[in-house]
Amino acid sequence: MVNLRELAQQFEERFRNAPRIFRAPGRVNLIGEHTDYNEGFVMPAAVEFSSLVAIAPRKDRKLLIQSNQFPGDLEFDVDRLPAQRTGTWRDYVLGVALALRQHGSDLQGANLLVHGNVPIGSGLSSSASIEVASALAFISLDSKRFSLPEIAKLCRQAENEYVGARVGIMDQFVSCMGKAGHALLLDCRSLEFQFAHIPAGIELVVCNTMVKHDLATGAYNQRRAECEEGVRFFAKADPGIRALRDVSSEMLERIGGDLSLTIRKRCTHVIRENQRTLDAARALGDGDLARMGKLMRESHESLRDLYEVSCRELDAMVAAAEGLPGFIGGRMTGGGFGGCTVNLVREENAADFSSQIAQRYCQATGITPQIYPCHADNGAQELSLS
Ligand code: GLA
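Residues numbered from 1 in each chain as written. Predicted model: local features only at pLDDT ≥ 70, side-chain atom pairs only at ≥ 80, totals over all residues. Heavy atoms only, no water.

Asker: I would appreciate a short explanation of the overall build of the chain in the present structure.
Answerer: Secondary structure assignment for the chain yields eleven helices and 13 strands. The C-alpha atoms of the chain give 21 Å as radius of gyration, which agrees with the globular expectation for 386 residues (21 Å, within 12%). The dimensions of the chain, computed from C-alpha atoms along their principal axes, are 65 × 50 × 40 Å. Going through the 386 residues of the chain one by one, you find that 59% of them count as buried. Accessible surface for the chain amounts to roughly 15700 Å². Of this, 48% is attributable to carbon and sulfur atoms. In the chain, which carries 43 positive and 48 negative side-chain charges, the distance between the mean positions of the two groups comes to 3 Å. (Helix = DSSP H or I, 4+ residues; strand = E, 2+ residues; numbered from the N terminus. Rg over C-alpha atoms; globule rule 2.2 N^0.38 Å. Buried < 20%, exposed > 50% of the residue type's maximum accessible area, 1.4 Å probe, protein only. Areas by Shrake-Rupley, 256 points an atom, 1.4 Å probe, with all protein chains shown as cover. Lys, Arg positive; Asp, Glu negative; His and termini not counted. Charge placed at Lys NZ, Arg CZ, Asp CG, Glu CD.)

Spelled out as structure tokens, the structure:
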């Protein structure tokens, strides 16, 4: 956790005024992968890793952005923010500022200091956490109020339109709405949600493979296009179908044979993953951890074989967990092609699990992983300095 006092002090030294500080967490997704942009179900949890944004108003119309992690002081005229992305972290902050303005916010001149400890590029949503913390910070200077779900939508819009990644709503939503000790079952069509209590005595052990494959963004957008092709096919049979969310297993069985093999595989993953996610929420609610573990394993196999977004290192990390004491179930988490796995582990075994999985993974791949024992945490909030 970042030291709040230190951040406030650094801010005052740099900008000579006292800030308000906003925090937004990263996330792990327990199950429901590549379902959000198919208007389906997801079950993520916010984690302790987070981004902090300290902010104070300026008298002029300048926006000054600095970060402890990233070099360079950025200075903009708040009335002439650059319309073009740069492919760097500043896009997350500026994209949110522009989206806020589009939704009626009256942006003020301000000093911002951004600080985060979400491992970057590891599939734990460092970008969503910067977006959401920046949104809360900007809004604090504004007369217009936004609800947290509205903020989540606005941040996703920033990422889709300004950053240029066609992500779904999952990461921004759970960063806004997460709750300590709980995962969140979200219907990505209606944005209705309910909390799923994670039974006491269970830790979420997140294991970073330390690989990030370059093809991730292109392949993500390609998967989206493949799903859209699936929707067009099923909509010919039933015009009521707007998203893969609307296709039943029965319909897939009945007419899916006419799809090309690749599109059929993608659709099969999404349709079954939606059902697994609903089943997983029920299993957690019933305290049926064995079932939850089984669903997580099935999800990983489906992402590996049908959706084809796993990679050698993720598979090695998933395999390394099997048979370790206290292990309930695990899978890759996030978009894939590298990044992390999430594992449900009994608390009393979590320390041994962490060291043993690291050893096994290193033996299998030659890479030293990072292991993060986590608990589900609260969503975005203002932090109190007193
Ligand atoms: C990324 C995106 C999410 C979601 C996942 C896959 O994390 O940001 O919106 O699509 O991939 O489930």
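Resuming the write-up.
Asker: Sorry if this is basic, but what is going on with unusual backbone geometry here?
Answerer: A negative phi holds for most residues other than glycine; trans holds for most peptide bonds. A positive phi is found at R16, a non-glycine position, where the angle reads about 65°. Backbone geometry at E39 places phi at a positive 60°, although glycine is not the residue there. Structurally, the position occupied by E39 is in the loop between β1 (20–29) and β2 (41–42).

Asker: Honestly, the sheet that holds strand β8 (residues 193–197) in this entry has me stumped. Any pointers?
Answerer: Paired through backbone hydrogen bonds, the strands of a sheet run either parallel or antiparallel to each other. Taken in spatial order, the three strands make up an open sheet running β2-β7-β8, and their pairing is antiparallel. A strand with exactly one partner marks an edge of an open sheet, and here the two such strands are β2 and β8. Each of β2, β7 (182–187) and β8 is contacted by helix α5 (residues 170–177), which is oriented at about 130° to β7, the strand it contacts most. (Pairing = 2+ DSSP bridges. Contact = heavy atoms within 4.5 Å. Axes fitted to C-alpha atoms, helices over the stretch in contact; angles between N-to-C directions.)

Asker: Help me understand the site of the ligand, please; the structure alone is not making it clear to me.
Answerer: In the vicinity of the ligand, the contacting residues are R27, E33, H34, D36, Y37, V167, G168, M170, D171, Y220 and G335. Backbone polar atom of H34 to an oxygen atom of the ligand: 2.7 Å apart, as the coordinates give it. The contact in question runs from an oxygen atom of the ligand to an N or O atom on the backbone of G168, over 2.9 Å. About the coverage of the ligand: the protein hides 93% of its 300 Å² of free accessible area. Its atoms largely coinciding with the cavity grid, the ligand occupies the largest pocket. A breakdown of the residues in the shell around the ligand according to their chemical character gives four nonpolar, three polar and four charged. (Near = heavy atom within 4 Å. Polar contact = N/O pair within 3.5 Å; in protein donor to acceptor, adjacent residues only side chain to side chain. 1 Å grid on protein atoms, 1.4 Å probe; cavity = no way out; pocket = protein on both sides within 12 Å on 5 of 7 lines; lining within 4 Å. Sits in = over half its atoms within 2 Å of the grid points. Nonpolar A, V, L, I, M, F, W, Y, C, P; charged D, E, K, R; others polar.)

Asker: In this structure, what is going on with the nonpolar core? I would like to understand it.
Answerer: Nonpolar side chains in soluble globular proteins generally cluster together in the buried interior. Core analysis: the largest hydrophobic core is formed by 49 residues, its most contacted members being L63, I65, L112, F138, I151, F173 and L186. No other element matches the eight residues that helix α3 (residues 126–140) contributes to this core. Excluding its chain neighbours within four sequence positions, the residues that come into contact with F173 are P149, A152, L184, L186, L191 and F193. Counting 32 residues, the second-largest nonpolar core is a separate cluster that includes A45, L185, I328 and V342. (Core = buried A, V, L, I, M, F, W, Y, C linked by side-chain atoms within 4.5 Å.)

Asker: Would you explain the environment of Q69 in this entry?
Answerer: Counting through the fold element by element, Q69 comes out in the loop between β4 (62–67) and β5 (74–77). A sequence separation of 63 residues divides Q69 from V132, and the C-alpha atoms of the two residues are 18 Å apart. With sequence-adjacent residues up to four places away left out, Q69 is seen in contact with V114, H115 and G116.

Asker: I keep staring at the side chain of N38 and nothing clicks. Help me out?
Answerer: One can find N38 in the loop between β1 and β2. Those residues in contact with N38 that lie beyond four places of it in its chain are C227, A243, L244, R245, V270 and Y307.

Asker: Help me understand the environment of G338 in this model?
Answerer: The topology assignment puts G338 in strand β11 (residues 338–346). G338 sits 27 residues away from C311 along the chain, and the two C-alpha atoms are 6.4 Å apart. Ignoring sequence-local partners within four residues, the contact set of G338 consists of T209, V211, C311 and L314.

Asker: Help me understand the sheet that holds β4 in this model?
Answerer: The strand order across the open sheet formed by six strands is β5-β4-β6-β3-β1-β13, and the pairing between neighbours is mixed. Each edge of the sheet is formed by a strand with only one pairing partner; in this case those strands are β5 and β13 (381–383). Pairs of neighbouring strands in the sheet enclose a mean axial angle of 30°, with direction left out of account. As paired strands, β4 and strand β6 (residues 110–116) are joined by five bridges and run parallel to one another. Its bridge partner lying in β6, L64 is registered against N111. Docked against the sheet, helix α1 (residues 4–15) engages β1, β3 (44–57), β4, β6 and β13, running at close to 145° with respect to β6. Lying on the sheet, α3 is in contact with β1, β3, β4, β6 and β13; it crosses β1 at an angle near 150°.

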